[in-house]
Amino acid sequence: MTDVPQHAFDDAAQVLQCALTGDTAAVADTFDAVVDRDGVVGAWDVAWCLAATMVGQFPPGGVWTLEFPGIDDARYDKRWVARFVSAYVNGDFPTGEALFGAAIADGTLPDCLLALAGSTVATLRHRAA
């Protein structure tokens, strides 16, 4: 995990709270406020926190392979989430940064961040069931 400021954890908690209630507009507004305050780095920090929440605890070290059945046929934002979470698990910052850059260039970062929030909530609900 990279060092992230405390407010990124607070922002991630706000994103999750909004996502848990299904308020996608509030999720988007929270990310917009983060970007207004801290730029893309702020969005990265929140995304990294969401990935950490999704993954939970895992043994350190080694290279991890995550399986995402049907990922090649998934929408762009879902593929992005799978790859971003995989980058997080492996501590692969260059890939995570490249994914962010590509999503910005493609104009899809907001959709990708919404998908990440939704996937994190789905994972939390699955664990609680």
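Read on for an overview of the structure. Because the structure is a prediction, the values reported are computed rather than measured.

Under the definition given, this model contains 3 salt bridges. With a closest N to O distance of 2.4 Å, Arg37 and Asp11 form a salt bridge. One end of the pair, Arg37, is in helix H2 (residues 24–55); the other, Asp11, is in helix H1 (residues 6–20), and 26 residues separate them in sequence. Among the residues examined, Arg37 registers a relative accessible area of 45% and is labelled partly exposed. Residue classification places Asp11 among the buried residues on the basis of a relative accessible area of 12%. Each member of the salt-bridge network shares a partner with another, and the members are Asp11, Arg37 and Asp38.

The rules behind each value
Residues numbered from 1 in each chain as written. Predicted model: local features only at pLDDT ≥ 70, side-chain atom pairs only at ≥ 80, totals over all residues. Heavy atoms only, no water. Salt bridge = Lys/Arg side-chain N within 4 Å of Asp/Glu carboxyl O. Helix = DSSP H or I, 4+ residues; strand = E, 2+ residues; numbered from the N terminus. Buried < 20%, exposed > 50% of the residue type's maximum accessible area, 1.4 Å probe, protein only.

Structural measurements only, silent on function.
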